[in-house]
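Geometric and topological summary
Spelled out, the chains give:
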Number of protein chains: 4
Amino acid sequence: MSSGSTFGNNFRVTTFGESHGKALGCVIDGCPAGLALTEEDLIPYMSRRKPGQSKFTTARNEADAPEILSGVFEGVTTGTPIAILIKNNDQRSKDYSDIAELYRPGHADYTFDKKFGIRDYRGGGRSSGRETAARVAAGAVAAKLLDSLDIKIHAYTSSVGPISVISYDPSETNDLFMPDHEAYEKASEYIEKLMSEGNSAGGVIECVIKGVTAGLGDPVFDKLDARLAYAVMSIGAVKGFEIGSGFDSALSTGLVNNDQFISDGAGNISKKTNHSGGVLGGISDGSDIVFRCAVKPTASISVPQRTVDKAGNEKEILIKGRHDPVIVPRAVVVVEAMAALTIADAVLSRPNDRLEYIHRALKST
Amino acid sequence: MSSGSTFGNNFRVTTFGESHGKALGCVIDGCPAGLALTEEDLIPYMSRRKPGQSKFTTARNEADAPEILSGVFEGVTTGTPIAILIKNNDQRSKDYSDIAELYRPGHADYTFDKKFGIRDYRGGGRSSGRETAARVAAGAVAAKLLDSLDIKIHAYTSSVGPISVISYDPSETNDLFMPDHEAYEKASEYIEKLMSEGNSAGGVIECVIKGVTAGLGDPVFDKLDARLAYAVMSIGAVKGFEIGSGFDSALSTGLVNNDQFISDGAGNISKKTNHSGGVLGGISDGSDIVFRCAVKPTASISVPQRTVDKAGNEKEILIKGRHDPVIVPRAVVVVEAMAALTIADAVLSRPNDRLEYIHRALKST
Amino acid sequence: MSSGSTFGNNFRVTTFGESHGKALGCVIDGCPAGLALTEEDLIPYMSRRKPGQSKFTTARNEADAPEILSGVFEGVTTGTPIAILIKNNDQRSKDYSDIAELYRPGHADYTFDKKFGIRDYRGGGRSSGRETAARVAAGAVAAKLLDSLDIKIHAYTSSVGPISVISYDPSETNDLFMPDHEAYEKASEYIEKLMSEGNSAGGVIECVIKGVTAGLGDPVFDKLDARLAYAVMSIGAVKGFEIGSGFDSALSTGLVNNDQFISDGAGNISKKTNHSGGVLGGISDGSDIVFRCAVKPTASISVPQRTVDKAGNEKEILIKGRHDPVIVPRAVVVVEAMAALTIADAVLSRPNDRLEYIHRALKST
Amino acid sequence: MSSGSTFGNNFRVTTFGESHGKALGCVIDGCPAGLALTEEDLIPYMSRRKPGQSKFTTARNEADAPEILSGVFEGVTTGTPIAILIKNNDQRSKDYSDIAELYRPGHADYTFDKKFGIRDYRGGGRSSGRETAARVAAGAVAAKLLDSLDIKIHAYTSSVGPISVISYDPSETNDLFMPDHEAYEKASEYIEKLMSEGNSAGGVIECVIKGVTAGLGDPVFDKLDARLAYAVMSIGAVKGFEIGSGFDSALSTGLVNNDQFISDGAGNISKKTNHSGGVLGGISDGSDIVFRCAVKPTASISVPQRTVDKAGNEKEILIKGRHDPVIVPRAVVVVEAMAALTIADAVLSRPNDRLEYIHRALKST
């Protein structure tokens, strides 16, 4: 598993590609036959992470047009691998001598060199945030699959630096994907101030998954929340993950934190509260699945930093070009994508939970 | 993957067993030949999670004596699967009618029923915390393997409810595994008060991994921190995970959060700070790996709670028996075990990183 | 994958244990909940491979009583791992100095030493045929699962040395599992003559799988016949595998070898012949699945053989004890077990073939 | 695992693509960093399976020019996924009404429909032999890796129909890859006669792997020969596999079939004969690894055949276009590719066999 580029056991995605190589892409093996799918389904997802869309993102101009190479026939998946290609148009030759020789603080230049002994340094190579384009394409396919089961995933920026969403306003749309207009304005100011100093901001993304009935996920190592943590923590800048009451649960007591089961009188069971975040014992409990992740401040900043070169000499580095002053808004859709891949993977193992489900699935084959 | 009971790709552990079944255990496939190993190596780990050891743990009296059934010959691993058996001695027949029919709040009774349609309800069955005994046995083997590579893993209680360790005192030993005597005393009082009310506490565990050189971990989905999150979040009561500056990084700025690379003049590179928590781009950077996880308050409390039964009728439940008023101290060694399994698994893929490593490994075969 | 002791992706079996260690066994993860299962279900399978049952098998007296440790509650599988333990009763201490120092021809003593540098030499350790006891226990569970889907697997001895079954007689029962009385008598004579010379025989096992509807198996690497070959070739003494017309197809022509599709007038499609052996393009075609495997003559023979010792000195070895003069009859049930594991594994991925199957499986969850 | 398009645990290849879709290709994850690799390395392999090269292959004109999209930087692998793209140039729109509605005998049309309910019927879609182009590209990378370890793989046609190679002549080159000029001439005649009748031939391919030292392969399910059988049987037209004395071993006796170990006096151990085919107990024994596989006659023949349509009506089908009258010669390189993938995968797990290998591999990291 030299590069760990496959995710999932049933709905399995393998990604490839470097920031300034010929192309990025993914292969999905395990998507069931019979799902309507076209490149149009991918566009809205790709667009949300595309650079050059607001004052808070880099100016890199990528078409990010995903091309489906296989696995779809006459607009429907055939059950064979779905390969998606995203060509790199922005391969201008640049002067990479700095990044080739110096280790950028907060980046993976040093660790890649220590691991592999060689590294495609152009634009960060495989460790570039651009790698997530392939995840988003795959996640869009997973989301389409989940949609057919009435499962909907929605992520948004819940805080930027110290500014948090206070009240969730579903009608609010802005380039920070922050669903609270007042918080958005404060966050914009906060980021702009940091930008003017060549500095960068972090934040928190919250994700809500609706429509997952009770019973999804595996009870031991492959707990649904463990798989979600795995998926989301694999996004480059994410440094923390919590589900439901999360770190706050450490401060709570059993009496408060336990969610009471209730009934609607017709035998439908639900919970009075949702401190669990929709997962009990690693298995969905029928409430919304709610998790949050912490995104660190962009490592690429526009002020000189001290570092070392490959030979171990201390040097100063000034990272060129324009970079996102905050990664959070573009990471929102990446979080959604990783959640979709995780849930789709879990859904596909669900028929194996009970012999009766298998019999039902195969009754007429 | 109906029950997701295997962890790891190279150092692979499969666990089995229910709380009140005949036995629990694990099979480790992928442990290299040539590691000195006896049951004595497992005892210290097993002892740390054993119940009945302090006023803060249940009185259940389990010998928890692990028996190695295979894979070890004359005190050395042979490269074949290591099966470890832990018999359940405490199988007293009890009255489980309540737990069979009622869904305990905060427990997985309901979700197991919804997933599988059947559940071994005795003592929580497969979802009991007792399941972690098998993890700890396996983790002890992994820790022995890592020890031969000078990798040491140490976890401890960093907070109980609102009481946090202020200054780390390595000489402090207590039944909460809390390395700060003053904090320990306050935490004890806090727990005792909750116990007197039939209530329970949560807390935070911190884990430090020393001796991992730069270059461990995979750069995309199998990032070292993502794998650690996956491993640790799979422990029943864990609700959050963070590495390095974690959720605080969301409040920081790039200028502060970036760790400066430095050199000792002899070409040895390290970092001036460790906000990264020892992992950059998913690969170890040579600093200590430092992560924390949030443990929710024990779900089993001694006050009556409202809930529903299997038929969907609202009922009151009073959970019998004595339970840990706080899971944190017994979970400390489980966190260590899961970290050891994760790091051991990653170590075994390290020779494949470079062709030269493979050549070196196999040069005389 | 240091010892490759796990088989299957969905119905996953991990085995462990050495010939003269404390116990052998297996853990099955992925068996769906709701299957009626008791130890009684395993006995008939275990009995068929048990030694000491006829003049053609070793006298080793093993009870081979499988004990289910987990995963079954009140006689029904719960969806959690099913651990099965088979204790080794026959652990008489013997003089193993020969086998410890000398490499038996046709055995894995030498290759284990070269791979692992250490080996449990007692009775062959992990490479003993006794390892298959755990496979048979697991295979019995798989067979029970398949039975609920009306899939039946039946293997038998189709030849011993040069003597082949001419006409299949389902009523014939004998200790060679050879369904042709005349062939059985000749084969007995053949084996007895070789026994009298201290020599041994090989043979061929044929396996027929009935009740698999068209559509099982994956089209590329995981073709159903490729998975069957993998499973069956993993049995120690098996040296060849063929499906349908197999090696004879190399001598045939397309005109003869192609199976004509026919219809019963009511739209039910079948094939006029079955040269394919029930698999086309890696996917079951609705005909019986028919394969054969070649079993080499028992490597343990009672005449002195030339060999080398660990130090590389040429020596003579005389293998002590009584051994099966032909492995074929006891391997018959092992072939069935491996076929059952393969088919069960494939069946569990079948609901994922089509979105409509998943919807149908989950419609009421 | 809806389509089973990934092979390998360490050196993992995922293929994609349909015969008449936009492109085929593969992603290799797990190739170590530091291997010199260019597209030139792939060409000789691709050329050997390319159509249109002799009178015995189809006229389809495919450039089959593989394009490396990622994972290679400045001519050296970087340890990240290597994606290889093979565009389909020959996408002429044709009349596929027959193949869309009728099930070709000996093909996977019917089974794909039964499995997935939908099928890209153009040119056979995913079940076309064209799928193997991606395997060959991946196999060429594996072969380059093995070459650095002095492991060489060579396959050739050992028989066509009833005509077998009698004496192996390494200098003989011909378009059947049959290393015996006399056999080649007879085989050509045999095929030409069948061609004139619109019929087709089968044959046998033998593969020899040199340079594998003793100790490669896993001892239980992942035996080296079991993995080779799995790999080779996954090639579309292969119906049988045998290693060493294979099916002939069933006719032999222990005394004859056992290979005597010998020594050169300097402590180097080898075998006097090689009935084992280079694998004992699933682990390489240091002799050449020798296996054979049976290839069925081409299913596409030029004479009318009886079949059924999708609705279950009996019909006549006449398959249009020119097809290989024998698949064997083009399959030779596919067998080599699958062997290379299998051996490379096994090699990468070899450092984990012993703790000392891991220590040696990592000693300076």
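Structure: see above.
We now turn to the structure provided with this report.

**Quick notes on the overall build of chain A**
Check the secondary structure of chain A and you find 9 helices and 18 strands. Here chain A has a C-alpha radius of gyration of 22 Å; the compact-globule value for 365 residues is 21 Å, and the two agree. Reported as C-alpha extents along the three principal axes, the dimensions of chain A are approximately 70 × 50 × 40 Å. Among the 365 residues that make up chain A, the fraction classed as buried is 69%. A sequence separation of at least 24 residues applies to 69% of the contacts in chain A between residues at least 6 apart. Total accessible area on chain A is roughly 11200 Å²; 50% of this is exposed by carbon and sulfur atoms. Distance between charge centres in chain A, computed from 40 positive and 46 negative side chains, equals 4 Å.

**With respect to the interface of chain B and chain A**
In many analyses, interface size is given as the accessible surface area lost on bringing the parts together. Taken together, the contact between chain B and chain A spans 110 residues of the former and 110 residues of the latter. Summed over both sides, the interface between chain B and chain A buries roughly 8600 Å², with carbon and sulfur atoms accounting for 61% of that surface. Contact with chain A buries area across many residues of chain B, yet Lys115(B), Phe221(B) and Lys239(B) alone supply 10% of it, more than any other trio. The interface formed by chain B and chain A holds 4 salt bridges in total. One salt bridge connects Asp353(A) with Lys115(B), and the closest N-O pair in it is separated by 2.9 Å. Put simply, chain B and chain A have 52 residue pairs in polar contact (both at pLDDT 80 or more) between them. For the side of chain B that touches chain A, the leading source of residues is helix H3 (residues 109–116) of chain B, giving 7 residues. Considered class by class, the residues forming the side of chain B that touches chain A number 46 nonpolar, 40 polar and 24 charged. One ladder, built from 3 bridges, connects strand E11 (residues 238–243) of chain A with strand E11 (residues 238–243) of chain B; its direction is antiparallel. Bridge pairing links Gly240(A) to Glu242(B) in E11(B).

**Here we look at the side chain of His107(D)**
Structurally, the position occupied by His107(D) is in the loop between helix H2 (97–101) and helix H3 (109–116). If near-sequence neighbours (up to four positions away) are discounted, His107(D) is found in contact with Leu280(C), Ala299(D) and Ser300(D).

**Observations regarding the pairing of strand E7 (residues 82–87) of chain D**
Residues and elements named next belong to chain D. Judged by how many residues are buried, E7 sits mostly within the fold: 5 of 6 residues are covered. Strand direction decides the pairing type here: strand E3 (residues 23–29) and E7, joined by 6 bridges, are antiparallel. When the bridges of E7 are listed, Ala23 appears paired with Lys87.

About the cut-offs
Within each chain, residue numbers correspond to sequence positions counted from 1 in written order. For naming, the first written chain is A and the first written ligand is 1, with later ones following in the order written. Totals for whole chains, interfaces and linings use every residue, but because this is a predicted model, local features are given only for residues with pLDDT of at least 70 and side-chain atom pairs only at 80 or more, for both listing and counting. Side-chain figures throughout are based on the complete set of non-hydrogen atoms in the structure, without hydrogens or water. Secondary structure elements follow DSSP: runs of H or I of four or more residues count as helices, runs of E of two or more count as strands, with numbering from the N terminus. It is over C-alpha atoms that the radius of gyration is taken, and the globule rule equals 2.2 Å times the number of residues to the power 0.38. Burial classification: accessible surface area is computed with a 1.4 Å probe over protein chains only, and a residue below 20% of its type maximum counts as buried, one above 50% as exposed, and the rest as partly exposed. In what follows, a contact means two residues having at least one pair of non-hydrogen atoms within 4.5 Å. Note that accessible areas follow from Shrake-Rupley with a 1.4 Å probe, and for residues the cover is restricted to the protein chains shown. For this count, His and the chain ends are skipped, Lys and Arg are scored as positive, and Asp and Glu as negative. A single reference atom marks each charge: NZ on Lys, CZ on Arg, CG on Asp, CD on Glu. A 1.4 Å probe defines the accessible area here, and the buried area is the portion of it lost by two parts on being joined, summed over both. We define a salt bridge as a side-chain nitrogen of Lys or Arg found within 4 Å of a carboxyl oxygen belonging to Asp or Glu. Definition of a polar contact: a pair of N or O atoms within 3.5 Å, with one able to donate and the other able to accept a hydrogen when the atoms are protein atoms, and with sequence-neighbouring residues admitted only if both atoms are side-chain atoms. The nonpolar class holds Ala, Val, Leu, Ile, Met, Phe, Trp, Tyr, Cys and Pro. Asp, Glu, Lys and Arg form the charged class, and all remaining residues, Gly among them, are polar. At least two bridges found by DSSP between two strands are what make those strands a pair.

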